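Here's the letter readout for the chains.
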Amino acid sequence: MTEVDKNQQAEQQKISDLYATLKQEQPTAELDQRILDLAKQQVASRESALKTKAQILSVDKRSWRRWQWPLSIAASILFVSVIFIDQTSKFMPGSVILAPQEINELMPDSAKSSIARDSNNNANLNSEAKEQPEVLGLSINDGAGDELTSTVVEDKHAQLQGEQTALAKQAVREKQQLTERTLVEKQKRESTAVGESQTQLVLLEIETLQQRLSIKQAQLVILQQQEGVKLRPDSLRENNIARFSLNTLKLKELKTQVSELQDTLFAQMNAYKQQVLDWQASDELLSLLSREQQQLWLNSR
Amino acid sequence: MRMLPINNEKEQEQETDETLMQRYALGDFAAFEQLYQRHKGGLYRYFLRQLGNHALAEDLFQDIWSKVISQAPKYQIKAKFSTWLYTLAQHKLIDHIRHIKVVERVIEAPSSESKESEPSWQSQGVNELTPHLQLEKSHASAALKTCIQGLPLVQKDCFLLKEEAGLSVDVIAQILGANYEACKSRLRYAYENLRQCISHKIGQLTL
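Calculation rules
Along each chain, numbering runs from 1 in the same order as the chain's sequence is written. Numbering of ligands from 1 and lettering of chains from A proceed in the order in which they are written. Reporting in this predicted model follows two pLDDT cut-offs: at least 70 for local features of residues, and 80 or more for side-chain atom pairs to be given and counted; totals over whole chains, interfaces and linings ignore these cut-offs and use all residues. The basis for every side-chain value is the complete set of non-hydrogen atoms in the structure, without hydrogens or water. Secondary structure elements are defined from DSSP: runs of H or I of at least 4 residues count as helices, runs of E of at least 2 residues count as strands, and each element is numbered from the N terminus. In this description, contact between two residues means that some pair of their heavy atoms is separated by no more than 4.5 Å. Shrake-Rupley sampling with a 1.4 Å probe provides the accessible areas, and residues are treated as covered by the protein chains on show and by no other component. Each of two parts loses accessible area, computed with a 1.4 Å probe, when they are put together; buried area is these two losses added. Salt bridge, as used here, is a side-chain nitrogen of Lys or Arg placed within 4 Å of a carboxyl oxygen of Asp or Glu. Throughout this description, a polar contact denotes any pair of N or O atoms lying within 3.5 Å of each other; where both atoms belong to protein, one of them has to be capable of donating a hydrogen while the other can accept it, and for residues adjacent in sequence the pair is counted only when both atoms sit in side chains. Nonpolar core, defined: a set of buried Ala, Val, Leu, Ile, Met, Phe, Trp, Tyr and Cys residues in which side-chain atoms within 4.5 Å join the residues together. Categorising residues by exposure relies on relative accessible area from a 1.4 Å probe, with only protein chains included: less than 20% of the type maximum marks a residue as buried, more than 50% marks it as exposed, and the intermediate range marks it as partly exposed. Here, the term disulfide refers to a pair of cysteine sulfur atoms separated by no more than 2.5 Å.

A. How the structure looks around the overall build of chain A. Helix and strand content of chain A: nine helices and zero strands. Moving toward the C terminus, one meets the helices and strands of chain A in the order α-α-α-α-α-α-α-α-α. Considering only contacts in chain A between residues 6 or more positions apart, those separated by 24 or more positions represent 66%. Working note: accessible area of chain A is about 22,600 Å², and carbon and sulfur atoms make up 56% of it.

B. How the structure looks around the interface of chain B and chain A. Across the contact, 38 residues belong to chain B and 28 residues belong to chain A. Summing both sides of the interface, chain B and chain A together bury roughly 3,200 Å²; the carbon and sulfur share of this comes to 65%. The interface formed by chain B and chain A contains three salt bridges. With its nearest N and O atoms 3.3 Å apart, the salt bridge here joins glutamate 25 of chain A to lysine 145 of chain B. The interface formed by chain B and chain A holds 14 residue pairs in polar contact (both at pLDDT 80 or more) in total. A total of 10 residues in the side of chain B that touches chain A trace back to one element, the largest contributor, which is helix H2 (residues 29-51) of chain B.

C. Just the nonpolar core, in detail. Core analysis: the largest hydrophobic core is formed by 66 residues, its most contacted members being Phe32, Phe47 and Trp65 of chain B. With 11 residues, the top contributor of residues to this core is H2 of chain B. Other than its neighbours up to four places away in sequence, phenylalanine 32 of chain B contacts Ile35, Leu36 and Ala39 of chain A together with Tyr24, Trp65, Val68 and Ile69 of chain B. Within the second largest apolar cluster, 17 residues are counted, among which are Trp279, Ala281, Leu289 and Trp297 of chain A.

D. A look at the environment of tyrosine 191 of chain B. With respect to the helices, strands and loops of the structure, tyrosine 191 of chain B is situated in helix H10 (residues 180-202). Taking C-alpha positions, tyrosine 191 of chain B is 9.6 Å from lysine 156 of chain B, a pair spaced 35 residues apart along the chain. When residues no more than four places from it in sequence are discounted, the contact partners of tyrosine 191 of chain B are Gln12, Ile15 and Ser16 of chain A together with Phe159, Lys162 and Glu163 of chain B.

E. Inspection of the state of the cysteines at higher detail. Residue and element names in this part refer to chain B. On inspection of all chains with the given rule, the structure shows one disulfide over all chains. One disulfide bridge connects cysteine 147 with cysteine 197, the sulfur atoms lying 1.7 Å from each other. Between cysteine 147 and cysteine 197, the S-S torsion sits near -85 degrees, and that sign places the bridge as left-handed. One end of the pair, cysteine 147, is in helix H7 (residues 139-150); the other, cysteine 197, is in helix H10, with 50 residues separating them in the sequence. Cysteine 158 takes part in no disulfide bond, and the closest cysteine sulfur to it belongs to cysteine 183, at a distance of 4.3 Å.

F. Looking closely at the pattern of salt bridges. Summed over all chains, the structure comprises nine salt bridges over all chains. Note that glutamate 11 of chain A is salt-bridged to lysine 14 of chain A, the shortest N-O span being 4.0 Å. Separated by three residues within a single helix, glutamate 11 of chain A and lysine 14 of chain A lie in helix H1 (residues 3-20), roughly one turn from each other. Between glutamate 192 of chain B and arginine 195 of chain B there is a salt bridge, with its nearest N and O atoms 2.7 Å apart. Of this pair, glutamate 192 of chain B and arginine 195 of chain B are both found in helix H10, three residues apart, which corresponds to roughly one turn of the helix.

So this is what it looks like as structure tokens:
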């Protein structure tokens, strides 16, 4: 630090010391009081605001706390119920809930009569309990006796309900079985009807084949006869040869056709035989077949 | 009795000023009372020296403390309490001066330091001092008071913040929104002007 700086500092210190002697002015007492009152008022207002806030919070807290347990219990019950219902629907899908009228409708008559009998017995039991209390060890005027009677009645009622439920279930099962049987029979009838219609078709086919085959065989015979009659002397040998060749071709063709018809007829007859076991082909029909086919037919019977 | 160095004493006070303020924020009125007693004189004189009018000084003084009271719940220890207090005071003063147009000089940046450094007492003649003051050796104090009145606003600000609030140069710079060197030079000029002023009024300054 230079001398100049030191001198400057010394001078500044002098002025500071001199100024320290001037520090005498103070705010007035009234001004002090005003400011202090303001500060006090602010503290009081803050405290009251906090108290009000605390009261509001405590009231809210209290009112909330009052409902805390009931709400939590209700929420728990709801949660468990939802889960139970959901799981029940997943694992017991086939359960059928029947209305009382449906139960009555499905119940067999024996069950209905049994229930009626039991309800009558129940009524009799109540009336007997009232009329002959000594027999049952009860007293009408005794409150305990009435409770015992009602307990017995309730037990009987529960028993009857259980029987009713069992009978209802049995009725449902029987109905299901009946439905199944009906369906099966219906299917059989339908299949039989289909089989019969198919058999009819085969029969028609056989008849048609029979007619065609008859015609063809007749044509064959005629042609063969014509061939024998129309054979001429050698002068007409060339014509005869030509004609013979033509007829041979025709014969061959006819024979082929007859053979095919015979095969088809034989197949249809076998198919019909399988469907109608007791069917017997007429001799007329059998005569249309070839010898081998006739032999086979007779062997298969 | 040797007085404690001002800085250490101030540091001790300022260490607890923040605690007192926090306690008041929590509702401790006594803490505020203590805090008020510590700082009321300096703040009052700060306004008084600046404005030269008791009534005006009281108005601004009350405004500042009202603000302190109202902002107590939001008070956070980001700076020292005294720094915060005199920052409020300085801003209030500037707003007031701008509003009533008390001074003719415009508050400018340090570039206009040479202009500002010209104390107003220089325009005053020695003969303007009252004869009573001229006669007393201890009139130095009174002379000083008068000289302070004649300082330029920025120099007066720096001087009073240092002398009344006991703030350091860097804190003063922070309050005034100026840099450290500018504040340092303003203070130097302030003391120099005061010395010259006092010497001018009562002769060589001897204490």
